[in-house]
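# Descriptive structure summary
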There are 2 protein chains.
Amino acid sequence: MKNVTLEEAARLLLLYDRVAVLMHKSPDGDAIGCAYSLCTALRRLGKKAQPYCSDPIPDKYAYITERLAPQTFEPKCIVTVDLADQQLFGDKLECFKNKVDLCIDHHGSNTGFAEYGIVDASAGACTQILVRIIELMGVDIDPYIADAIFTGITTDTGCFKYSNATAASFRIAANMIEKGAQSARINRVMFDTKSRERLEAEKLALASVRFYCNGKIATISVTKDMLEKSGADESDTEGIASIPRQIEGVKVGITIREKEDGAYKISLRTTDDIDASKICAVFGGGGHKAAAGCQIKGSAGEVEKKLVEAASREIESKV
Amino acid sequence: MKNVTLEEAARLLLLYDRVAVLMHKSPDGDAIGCAYSLCTALRRLGKKAQPYCSDPIPDKYAYITERLAPQTFEPKCIVTVDLADQQLFGDKLECFKNKVDLCIDHHGSNTGFAEYGIVDASAGACTQILVRIIELMGVDIDPYIADAIFTGITTDTGCFKYSNATAASFRIAANMIEKGAQSARINRVMFDTKSRERLEAEKLALASVRFYCNGKIATISVTKDMLEKSGADESDTEGIASIPRQIEGVKVGITIREKEDGAYKISLRTTDDIDASKICAVFGGGGHKAAAGCQIKGSAGEVEKKLVEAASREIESKV
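First things first, this report covers the structure right here in the doc. All values derive from a computational prediction rather than experimental measurement.

## Some details on the interface of chain B and chain A
Chain B puts 40 residues into the contact, and the matching count from chain A is 40 residues. Roughly 3700 Å² of surface becomes buried between chain B and chain A when both sides are summed, with 58% attributable to carbon and sulfur atoms. For chain B, the biggest contributors to the area lost against chain A are Lys161, Phe170 and Asp192 of chain B; these three give 18% of the whole. Where chain B touches chain A, the interface holds six salt bridges. For Asp192 of chain B, the salt bridge goes to Lys161 of chain A, with nearest N and O atoms at 3.5 Å. Connecting chain B to chain A are 17 residue pairs in polar contact (both at pLDDT 80 or more). Listed by contribution, the elements that provide at least two residues to the side of chain B that touches chain A are helix H6 (167-178), helix H7 (183-191), helix H8 (196-206) and helix H10 (243-246) of chain B.

## Some words on the sheet that holds strand S4 (residues 77-81) of chain B
Residue and element names in this part refer to chain B. Within the open sheet, the six strands sit side by side as S1-S6-S5-S4-S2-S3. Their pairing is parallel. The outermost strands of the open sheet, each flanked by one partner alone, are strand S1 (2-3) and strand S3 (48-52). Strand direction decides the pairing type here: strand S5 (residues 102-105) and strand S6 (residues 116-119), joined by four bridges, are parallel. Following the sheet pairing, Ile104 is matched in S6 by Ile118. The strands touched by helix H2 (residues 29-44) within the sheet are strand S2 (18-22), S3 and S4, with S3 carrying the most contacts at an inclination of about 170°. Docked against the sheet, helix H4 (residues 127-136) engages S4, S5 and S6, running at close to 125° with respect to S5.

## Concerning the layout of surface pockets
Here the second largest pocket defines a volume of roughly 240 Å³. If you trace the second largest pocket, you find 13 residues lining it, with Arg188 and Thr193 of chain A together with Gly249, Val250 and Thr271 of chain B closest to the centre. Sorting the residues of the lining of the second largest pocket by element identifies helix H7 (183-191) of chain A together with H10 of chain B as the ones contributing at least two each. Ranked by residues supplied to the lining of the second largest pocket, first place goes to H7 of chain A with three residues. Split by residue class, the lining of the second largest pocket holds three nonpolar, four polar and six charged.

Criteria and thresholds
- Residues numbered from 1 in each chain as written.
- Chains lettered and ligands numbered in written order.
- Predicted model: local features only at pLDDT ≥ 70, side-chain atom pairs only at ≥ 80, totals over all residues.
- Heavy atoms only, no water.
- Contact = heavy atoms within 4.5 Å.
- Buried area = accessible area lost by both parts, 1.4 Å probe.
- Salt bridge = Lys/Arg side-chain N within 4 Å of Asp/Glu carboxyl O.
- Polar contact = N/O pair within 3.5 Å; in protein donor to acceptor, adjacent residues only side chain to side chain.
- Helix = DSSP H or I, 4+ residues; strand = E, 2+ residues; numbered from the N terminus.
- Pairing = 2+ DSSP bridges.
- Axes fitted to C-alpha atoms, helices over the stretch in contact; angles between N-to-C directions.
- 1 Å grid on protein atoms, 1.4 Å probe; cavity = no way out; pocket = protein on both sides within 12 Å on 5 of 7 lines; lining within 4 Å.
- Points joined across faces, edges and corners; volume = space filled by probe spheres on them.
- Nonpolar A, V, L, I, M, F, W, Y, C, P; charged D, E, K, R; others polar.

In structure tokens, the structure reads:
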């Protein structure tokens, strides 16, 4: 992949009249914000442009998607956004494999699968790169583009809570609000809304919280039985993984989710100097320092015991 | 009260060598951020300056308070920050009543109790005003002042979630991060940390959630019994008031907290076009459009029934 500058990426996009913009499967706010802001900008320039994704876009992003009527055309330029690896294309985008002209991404792990690419791992959200390319293409940021860009930044930074929300993230958010982004409405939909099923599942899961290692480790369990009783699905329970590490004094928060096949999907969240990816590596998993995951087979009791032992060792090694 | 400009406020502060800075009782992140950033700036200029508050500063703000050693002196200039009304002085600051030289505030409801005042209701946090005055006094923003200013903005805007987080709020936050504010650490302490007692109380309260009016109204109860069982105190349960309105489809979220004297303290949170203050006014309370409160006496069942009836009427009037 040949690395290009922001200016070169903008010039390249200006060359083509029919552009397909690909998102990763299970699209999140940043991927959606990137694809829809770019397609809107390209259409403003009189081009045909269409976002593509293997999975449906969740309803809560309707305020972004409903403002871009679908277009059908034979693309002359294939662009990926917020997409680190072609393995994330999903079934419906298989046909685009090894045909990507331009890759715009913020994952340091990007595999360089496109002909041209711009990868800026310092950007908290990929929309932070997109907004600059859109401006360089000479398109004014309108309220619709501003909503899409703001959505990408706020969802990828946990509503500006995490360390990937840099000064640049805040500054671009300020600009988007001035351009008309409905910041408070977007944040309410993304961070202040729970389904009744999610609430019910949370209530059941809270009863399973257990503490170990003088309160430095907390575990929470989500069983198939809880999902059945609450009517919640996998996506409803994702927020639950953040609960144990939020508890005062907890350095390692462990979420144990029972899977269909009897195995357990583990999410770890850590604080301070405890390396979550190191603990998960013991079980063949991985991730980042503060958030990692793995899968373990066994009985619920065994799985919890193994995890607590590995986490205790890591905590003790830091004393 | 004579209204002054930012420049005049800065010039006034530069005139005095011994300054007392008063916070409101039950101090929050914005009040603390204002008082400590201003006192730090004044000390950098060689002056004596000390924050005062009737109540102790909560431990979670230690990263701000511990870096300013206490000073004892006879103040020549009394300043209030983030303080709308002398009734909020609390017992220990009684002696300063009607002696305030300069009032710096962002509450539109400010009663104008000082000789000079600057009140900017468009500022999401009062620290947004302070940072400009500090710069106008010619003091460089160091990482300590940046932490204090950032704390004020993030706590008063709910981690940049609410509509009072304007473009200016985001832009000043960006500047503070560049000046060294530990944004992610501060946000974790303020928004991602729960006491075990709070978690326990939440678990008990969640079991009390009830829905009315086709799911448009949700109630949650916090009883004395729950506080006893969980060991939680009043401050632990404050976050619970945000739970019912977060539930999908809910337009009016009602939190009913049992008080010592058998009466109930009610918190209302609403969405869309439902006016919380109008519903609370029925019971002699008040507040803002999206958040209001009141006190009601009676049995738990009666209180809930009255509230649901008043909320239903308001919802139906909007159909």
